[in-house]
Amino acid sequence: MQGTLDLMVMQTLATLGPLHGYAIAARLEQVSSGAVRLNMGTLYPALMRLEQRGFVRGEWNVTENNRKARFYGITAAGRRQLTRQKEDWGRTVSIMQAVLGEQG
Amino acid sequence: MASVCEWMRRLWGTLSRNRRDSEMEEELRLHLELASEDMARRGDSTEDALRAARLKEGGVSQAMDAMRDQRGLPWLDDLTLDVRHALRSLRNSPSFTAVAVLTLALAIAGNTVVFGVVDAVLLRPLPYQSAEQLAMLWTEDPTQNLREGRSACWNVEQWRSQNQVFADIAVFDGVSTTLMGTDGAEKIVGGSISPNLLPLLGVQPVHGRSWSSEEAELRQRLVLISHRFWQARFGGSTDAVGATIVLDGFPFQIIGVLPAGFQIATLDADVYTMSEEWQTRHTVRGGNTWFVVGRLRPSVTFDHAQAEMSAIARRLNDQAPAAERNRGISVVPLSLYIVGPQSRLALWMLGGAVFCVFLIAAANITSLSLARSIGRAREMAVRATLGASAGRIVRQLLTESIVLAAVSGLIGTMLAFGGLRLIRVFGPADLPRLNEVSLDLRVLGWALAISLLAGILVALAPAIATLRRDLRPSVQEGGKSVSGGTSTRRIRRALVVAEFALAIVLLVGAGLLVRSWWHVNGIDPGFRPERVLMMELSSPTAFSVLTQRTDLYHRALEQIQAVPGVESAGAIGDLFIANSREQVVTIERDDGAFSERLRFRRDEVSADFFKAIGTPLLRGRFLSIGDGPDAPPVVVINDAMARRSWPGQDPVGRRLKLGPRDSDRPWYTVVGVVGDMRRQGLEREPVPQIFESLAQNAPRSVDLFIRTSSDDPLSMAGAVRAAIRRVEKNAPIYGVAPLADQFGTYLEQRRFQTSLLTGFSVLALLMAGVGLYGLIHYSVATRTREIGIRIAVGARPAHIFRMIVREGLQLSAAGLALGLVGALWLGRAGASLLYGVTASDPFTFTTVSLLLTAVAAGGCYFPARRAMKVAPMAALRQE
């Protein structure tokens, strides 16, 4: 789900600040206890899309062990988008729960 | 908003590649390294860790592909690639490109120009509010052969008050008006209109206002002026509104200026005044007749309106006087009145013709690119082998031909721009609305559409041929021999046949029009327009007494005849006429006097009129100066009148009078018979005519005809004008022109149609010829080996020559047969444009067939010569 991927990436960046691609993937994998595994072909196009939409901004920088990496940080527009999407997501979840609870 | 932003960046990404591949790759590599380090930390060996990381994260190149797709717009990326490839491939075959671009550009230019004309004259709505609801209303009378007749205000008021279909009905007419200026009297065109006409048309003055209803009631002398008049007389100053001008001796106050280009149907006047008769329409029966225009109520159809008006006409006929009991009312859409069916047909014909030229051009280029596609079979096969799908290859072919068409369209549009300017200047002056022609967005849109169509048409056949062919095998063949060429050849042969068929249809049409042109040009108008100067002379408004006018014309003609270089001079009320009226006349014959209704024309002429204009005397004598007001009333009649009213008898010495036998009008004695004159246009049969003496009945204005000894009669205009001024300073003189020019306008539309269609058909024929040449040439080239073998085993060169020529002529004959059938079928539809020939004129059909066969033979000759000279050994060594 494209929307959820964007949401997860933006949430990660909003909590932890600028990260490079691998760090984002590693963090997501850790938080989800291994359930979310993003390969490069999924993650980087998504980052590029978010950048094209103006929600994140990428910059070349050095890592703590002095390696060149592209760090992605969330922008103001990204934060607004994140808030909006989180609300949507919450609404979707509660609707689904209500509907499924009814059926059960 | 965000997604717009994304698209903009992706577009930018396509154009500039803002993130470099190397950069993206670096990012991915780091990702892999970090992943494998993580794995290694968990205990794998370095090599295993790297492999595991690759397995988990996916390959770098796949990720790169996904990123590239996200970076730009993939289809746009492909398109730019295709366009670059197309340009390269077109540059690689410059002769093909040049021929194709030139042919298509010409065809696109022709289509754009003709569409521009068709659009301006036929398609664009008239410049009135909801112009599609406007209609002309005509009085008809089948018993009098009266069609599109004008109507009196009293009748119009009856229609107006009794119908439910028209929101309103108004009247108008053009009147010749004298404008008194500081430098003497001048003739201008006036429009007399009912006050409800402008609101009916939905037109408002750009300055000032229109008449109010009280002003209309009070018949105040208030005038509206045209934009042109405003610019010319008042320099576009707003002071004009409120100024006073003197028209026909009365002061009129200007209250408004009409929009630029405003005209009512075909009436384009300088000043518009209120119709006085309109105000008395409730009480006064009869009077002048007017043009009538109405606006349909919303959602009323023309059929419905016609039905209701016919019913009203029947009702009115029951109460009408005996002579008016057969009247009908016809409702004609205004647009159809302004551009008549003949002009419409001619324009659609030209549009069709130029589209045929376009199709032939497209067929030629298709055929060429088919030939090229066989030559490129190897290129395509390589691409297919390397993994290009058939769809991808077809898309590239399509791109190539669209690039070709776009270049042609660009050049064609530039040509069309020039062409449209030429048309505006040199097009027929009597074709309505031609001044509205311009290269506007609609016309540009058409140019674009037709270019695109060209691109698709040209790509279609090669694309189909490519799809059908199995692309792979020709890689092994080394591209020399031609495999799968038969279906291509069949398509090309069919294209050539179609080209010839289209060309023949155009040629037959052009041939028939040229023949008609010859006939019309050869028509004897009944007078000799060469070396004759024409002008109009009005008597001053103060001349209300008949003898004043008689005297003026008589003395003016005397003075003119005294001018050196003038051979003779004469006058007539009006030479060129639109319609004749039906009247009752009483004719005296051997067996008594008979009254009959007769459609004829009555004019007043001066003594030397026939001499000046060059109309021959058949019997009796011309009118003379002696036939004055006190002499017995006499007339000269034309031959048509003599044949109609005195068949087989000599009319000289007989009498006739206007009105029924018991009317108190005077008897006229016929003193002479003159030849018929075609005064309603060359293609209209002359109507019976009666000529009275100008000295016995002088109209308010006359047409003067001055036969000079100069080949440039206009050079005499000054001297003639001075001669008239010596007689009367205040008489307006206007419309000075050589008679031959006036006459030329009769032929203008026909000249336009004929020359354009002839041009198109010659172009079509040449293109078809070139198409055949290309096909045969190619066929010889691909059959060199076969021909070489034939010669080697003993075929004589003449035999080879015949074989090749036969192939070409078979195709042209097939096209000829198809085309002739088409021409016969279409000819009937266009028959009304012809004069003096039938639509199946055998002479035209034969000539055109011979011409086409000659061109076809020419197209085969050169390739056949080449085939004859094939050296057998060289041909066999070819592979």
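Residues numbered from 1 in each chain as written. Chains lettered and ligands numbered in written order. Predicted model: local features only at pLDDT ≥ 70, side-chain atom pairs only at ≥ 80, totals over all residues.

Undergrad: Hey, could you go over the overall build of chain A for me, with residue numbers and the actual values?
TA: Tallying secondary structure elements over chain A gives four helices and three strands in all. When the helices and strands of chain A are placed in sequence order, the string is α-β-α-α-β-β-α. Projected onto its principal axes, the C-alpha coordinates of chain A cover approximately 55 × 30 × 25 Å. Considering chain A as a whole, with its 104 residues, one finds that 30% of them fall into the buried category. (Helix = DSSP H or I, 4+ residues; strand = E, 2+ residues; numbered from the N terminus. Buried ≥ 20, exposed ≤ 12 C-beta atoms within 10 Å, placed from the backbone.)

Undergrad: How would you sum up the overall build of chain B? Please name residues and give values.
TA: Check the secondary structure of chain B and you find 28 helices and 23 strands. Since a compact globule built from 879 residues should have a radius of gyration of about 29 Å, the 38 Å found for chain B marks it as more spread out than a globular shape. Across its three principal directions, the C-alpha atoms of chain B cover 135 × 80 × 60 Å. Within chain B, the fraction of its 879 residues that count as buried is 39%. Long-range pairs, those at least 24 residues apart, make up 82% of the contacts in chain B between residues at least 6 apart in sequence. (Rg over C-alpha atoms; globule rule 2.2 N^0.38 Å. Contact = placed C-beta atoms within 7 Å.)

Undergrad: Which residues make up the interface of chain B and chain A, and what values go with them?
TA: Taken residue by residue, the interface counts 20 residues in chain B and 15 residues in chain A. Elements with a minimum of two residues in the side of chain B that touches chain A: α1 (2-16), α2 (21-41), α3 (46-57) and α4 (60-71) of chain B.

Undergrad: Mind laying out unusual backbone geometry, listing which residues take part and the relevant values?
TA: Backbone geometry at Asn66(A) places phi at a positive 60°, although glycine is not the residue there. With respect to the helices and strands, Asn66(A) occurs in the loop between β2 (56-62) and β3 (68-74). With a phi close to 50°, Asp248(B) is a non-glycine residue in the positive phi region. As for its placement among the helices and strands, Asp248(B) is situated in the loop between β8 (244-247) and β9 (250-257). A residue is classified by how many C-beta atoms lie within 10 Å of it, and Asp248(B), with 15 of them, is partly exposed.

Undergrad: Report on the confidence of the model for chain B, specifying residues and quantitative values.
TA: Low-pLDDT stretches of the model should not have their predicted coordinates read in fine detail. Residues and elements named next belong to chain B. Per-residue confidence for chain B averages 85 on the pLDDT scale, and 95% of its residues sit at or above 70. Across residues 477-484, where pLDDT falls below 50, the model places 11 contacts with residues more than four positions away in sequence or in other chains. For this predicted complex, the interface score ipTM comes out at 0.88, alongside a pTM of 0.73. (pLDDT = per-residue confidence, 0-100.)

Undergrad: Outline the packing of helix α14 (residues 341-375) of chain B against helix α24 (residues 739-782) of chain B, listing residues and values.
TA: Residues and elements named next belong to chain B. Put simply, α14 and α24 touch, their axes get as near as 10 Å, and they point 15° apart. The angle between α14 and α24 falls in the class roughly parallel. Along this stretch, α14 crosses α24, giving a crossing that reads as left-handed. Looking at side-chain class alone, the contact of α14 with α24 contains 21 nonpolar, seven polar and no charged residues. (Axes fitted to C-alpha atoms, helices over the stretch in contact; angles between N-to-C directions. Parallel < 35°, antiparallel > 145°, perpendicular 65-115°, else oblique. Left-handed = near helix turned anticlockwise from the far one by under 90°. Nonpolar A, V, L, I, M, F, W, Y, C, P; charged D, E, K, R; others polar.)

Undergrad: I'd like a rundown of the sheet that holds β3(A), residues and numbers included.
TA: Residue and element names in this part refer to chain A. One open sheet holds the three strands; their spatial order is β1-β3-β2, and the pairing between them is antiparallel. Two strands bound the open sheet, and with one partner strand each, they are β1 (19-20) and β2. In terms of strand pairing, β2 meets β3 through seven bridges, oriented antiparallel. Among the inter-strand pairings, Arg57 is bridged to a residue of β3, identified as Gly73. The strands that helix α3 (residues 40-52) touches are β2 and β3; relative to β2, the one it contacts most, it runs at about 120°. (Pairing = 2+ DSSP bridges.)

Undergrad: Kindly report on the packing of helix α5 (residues 74-92) of chain B against helix α16 (residues 390-426) of chain B, identifying the contributing residues and their values.
TA: Residue and element names in this part refer to chain B. Look at α5 against α16: their axes get within 9 Å of each other, and the N-to-C directions meet at 65°. Handedness of the α5/α16 crossing: right-handed. When α5 is examined against α16, the residues Asp82, Val83, His85, Ala86, Leu87, Ser89 and Leu90 are found in contact with a partner set consisting of Arg395, Gln396, Thr399, Glu400, Val403 and Leu404. The residue inventory of the contact of α5 with α16, partitioned by class, reads six nonpolar, four polar and three charged.

Undergrad: So, the environment of Gln263(B): which residues are in play, and what are the values?
TA: Along the chain, Gln263(B) turns up in the loop between β9 and β10 (271-274). Remark: the alpha-carbon pair of Gln263(B) and Gln133(B), spanning 130 residues in sequence, is separated by 17 Å.

Undergrad: Pulling in residues and values, what's your account of α4(B)?
TA: Three- or four-residue spacings in an α-helix give side chains the same orientation, since the helix completes a turn every 3.6 residues. Residues and elements named next belong to chain B. Along its 12 residues, α4 runs 16 Å from first to last C-alpha, staying within 8% of the 16 Å computed at 1.5 Å per residue. Three or more residues of α4 are buried, namely Ala63, Ala66, Met67, Gln70 and Arg71. Viewed along the axis of α4, the buried residues span an arc of 140°, placing them on a single side of the element. For α4, the exposed residues lying more than 90 degrees away from the buried face are Ser61 and Gln62. (Expected span 1.5 Å × (residues − 1). Arc of directions from axis to C-beta.)

Undergrad: How would you explain the nonpolar core if you had to name every residue and give the values?
TA: Residues and elements named next belong to chain B. Val357, Ile360, Ala503, Ile504 and Ala764 are the most contacted members of the largest nonpolar core, which has 108 residues in total. Of all the elements, α14 adds the most residues to this core, at 19 residues. Look past the residues within four positions of Ile360 in its chain and what remains in contact with it is Glu499, Leu502, Ala503, Ala764, Met767 and Ala768. Formed by 57 residues, the second largest nonpolar core is a distinct cluster that contains Val605, Ile637, Trp646 and Met677. (Core = buried A, V, L, I, M, F, W, Y, C linked by C-beta atoms within 7 Å.)

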